Amino acid sequence: MQFVDSFRHKGLRLRLVEVLKTQGFYNKRLLEAFSNVPRHIFMDSSFLKFAYKDSAFPIGSGQTISQPSTVASQTTLLMIEDNIKVLEIGTGSGYQSAILGEMGVELYTIERQGKLFKKSQKVLTALGYNRIKCFLGDGNKGLPDYAPFDRVLVTAGCRDVPESLLLQLKIGGYMVLPVGSPKQVMTRIKRVGEHDFEKEEYGDCAFVPMLNGISDIK
Ligand code: SAH
């Protein structure tokens, strides 16, 4: 797979980083990740000129690439540390995955739509993110074979908190997810004991819905 990342793209990324700073995102590693990941490569070419605006855009199969400020906010809430194991539900374009990859985590990411799974896997490999492992599957179930995880990030709106994901968290670990229907509230849950969890809420948000099963597998 061939791609072009020009000085113009890099310049546009630096402007996006400035926008994120005005929104209160100051973490150096987070901003470095945003200036390194070529978001335009994760989008359909017809949207290239919008690639570095702070907005969500269609990526096919009825899904969207998350808005940069949403990616920044979910990543901040995750409280990333070096070399932790992270599970992401909803690979989509792979953009949020690449941001996490830049931040030095070992990432496991699941997508339920076959076309998006194939495309994002191809893009992430071409960009050299070899610590990101992509899976086609139903994220509601998580990845029990690879659990426990230090962090779980869900990038689709959940009607309720998926219990099996809670149980794949390490004690002391965090899960960040939008919860509610039809609108959601950004929520962070800490596993404080085998059966004990603490919940914090961070305001209203709107995500595409978390669905069941897999689709588009050919
Ligand atoms: N993080 C993505 C955002 C994608 S939108 C990005 O940066 O581009 C949410 C994604 O969640 C969609 O691709 C959708 O297909 C996926 N999704 C919805 N329900 C899912 C499920 N049960 N398991 C895995 N992925 C799911």
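For clarity, every value in this text was computed on a predicted model and none was experimentally measured.

Can you explain the sheet that holds strand β5 (residues 132–136)? Please cite residues and give values.
Judged by pairing direction, the sheet is mixed, and its seven strands sit side by side in the order β5-β4-β3-β6-β7-β8-β9 without closing on themselves. A strand with exactly one partner marks an edge of an open sheet, and here the two such strands are β5 and β9 (197–205). Strand-to-strand, the axes of this sheet are offset by a mean angle of 15 degrees, without reference to chain direction. When strand β3 (residues 85–89) meets strand β4 (residues 106–111), the two strands line up parallel, connected through five bridges. Across the sheet, leucine 87 pairs through a bridge with tyrosine 108, a residue of β4.

Would you mind going over the pattern of salt bridges in detail, with residue names and values included?
In this structure the tally under the stated criterion is 11 salt bridges. One salt bridge in this structure joins lysine 119 and aspartate 44, with 3.0 Å as the shortest N-O distance. Of this pair, lysine 119 sits in helix α5 (residues 114–126) while aspartate 44 is found in the loop between α2 (28–36) and β1 (57–60), placing the two residues 75 residues apart along the sequence. According to the relative accessible area criterion, lysine 119 is partly exposed, its value standing at 39%.

Talk me through the site of the ligand; I want residue IDs and the actual numbers.
Surveying the vicinity of the ligand reveals 27 residues, the closest of which are Ser93, Glu111, Asp138, Gly139 and Leu211. Serine 93 has a polar side-chain atom sitting 2.6 Å from an oxygen atom of the ligand. Here a nitrogen atom of the ligand and a side-chain polar atom of asparagine 140 are 3.4 Å apart. Protein chains shield 99% of the accessible area of the ligand, which is 580 Å² for the free molecule. Spatially, the ligand is embedded in the largest pocket. Secondary-structure elements contributing two or more residues to the shell around the ligand are β2 (63–65), β3, α4 (95–102) and β4. Residues that form the shell around the ligand fall into these classes: 10 nonpolar, 13 polar and four charged.

Outline a positive patch on the surface, listing residues and values.
A grouping of Arg8, Arg15, Lys49 and Lys53 is seen on the molecular surface, where their side chains present a positively charged patch. Mapped onto the fold, lysine 53 is located in the loop between α2 and β1.

Go over the pairing of β4 with me, naming the residues and quoting the values.
When you tally the buried positions in β4, you get five out of six residues, the bulk of the element. A crossover links β3 with its parallel partner β4, the connecting element being α4, and its sense is right-handed. The β-α-β motif built from β4, the intervening α5 and the parallel element β5 has right-handed crossover chirality.

I'd like a description of the side chain of arginine 151, backed by residues and values.
Of note, arginine 151 is situated in strand β6 (residues 149–154). Residue classification places arginine 151 among the buried positions, given a relative accessible area of 5%. Among the polar contacts made by the side chain of arginine 151, one reaches the main-chain carbonyl oxygen of methionine 79 at a distance of 2.7 Å. Leaving out residues up to four positions away in the same chain, arginine 151 has contacts with Leu78, Met79, Glu81, Ile84, Lys85, Val86, Leu87, Leu169, Gly173 and Tyr174.

Which residues make up the layout of surface pockets, and what values do they have?
The computed volume of the largest pocket comes to approximately 480 Å³. Together, 33 residues line the largest pocket, and Gln63, Thr64, Thr155, Ala156 and Val208 are the ones closest to its centre. Those elements that provide at least two residues to the lining of the largest pocket are β2, α3 (68–78), β3, α4 and β4. For the lining of the largest pocket, the element with the highest residue contribution is β2, accounting for three residues. Counted as a void, the second largest pocket has a volume near 170 Å³.

Talk me through unusual backbone geometry; I want residue IDs and the actual numbers.
Cis geometry is adopted by the peptide bond preceding proline 148, which originates at alanine 147 and carries an omega value of 5 degrees. Mapping proline 148 onto the fold places it in the loop between β5 and β6. Cis geometry marks the peptide bond from serine 181 to proline 182; its omega dihedral reads 0 degrees. Summarising the element assignment, proline 182 is placed in the loop between β7 (169–179) and β8 (184–191). The residue methionine 79 is not glycine, and still its phi comes out positive at about 50 degrees. Mapping methionine 79 onto the fold places it in the loop between α3 and β3. Backbone geometry at asparagine 83 places phi at a positive 55 degrees, although glycine is not the residue there.

Rules used throughout
- Residues numbered from 1 in each chain as written.
- Predicted model: local features only at pLDDT ≥ 70, side-chain atom pairs only at ≥ 80, totals over all residues.
- Heavy atoms only, no water.
- Pairing = 2+ DSSP bridges.
- Helix = DSSP H or I, 4+ residues; strand = E, 2+ residues; numbered from the N terminus.
- Axes fitted to C-alpha atoms, helices over the stretch in contact; angles between N-to-C directions.
- Salt bridge = Lys/Arg side-chain N within 4 Å of Asp/Glu carboxyl O.
- Buried < 20%, exposed > 50% of the residue type's maximum accessible area, 1.4 Å probe, protein only.
- Near = heavy atom within 4 Å.
- Polar contact = N/O pair within 3.5 Å; in protein donor to acceptor, adjacent residues only side chain to side chain.
- Areas by Shrake-Rupley, 256 points an atom, 1.4 Å probe, with all protein chains shown as cover.
- 1 Å grid on protein atoms, 1.4 Å probe; cavity = no way out; pocket = protein on both sides within 12 Å on 5 of 7 lines; lining within 4 Å.
- Sits in = over half its atoms within 2 Å of the grid points.
- Nonpolar A, V, L, I, M, F, W, Y, C, P; charged D, E, K, R; others polar.
- Patch = residues over 30% accessible without salt bridge, like charges linked within 9 Å, V, L, I, M, F, W, Y side chains within 5 Å.
- Lys, Arg positive; Asp, Glu negative; His and termini not counted.
- Charge placed at Lys NZ, Arg CZ, Asp CG, Glu CD.
- Right-handed = clockwise from strand over helix to strand, strands pointing away.
- Contact = heavy atoms within 4.5 Å.
- Points joined across faces, edges and corners; volume = space filled by probe spheres on them.

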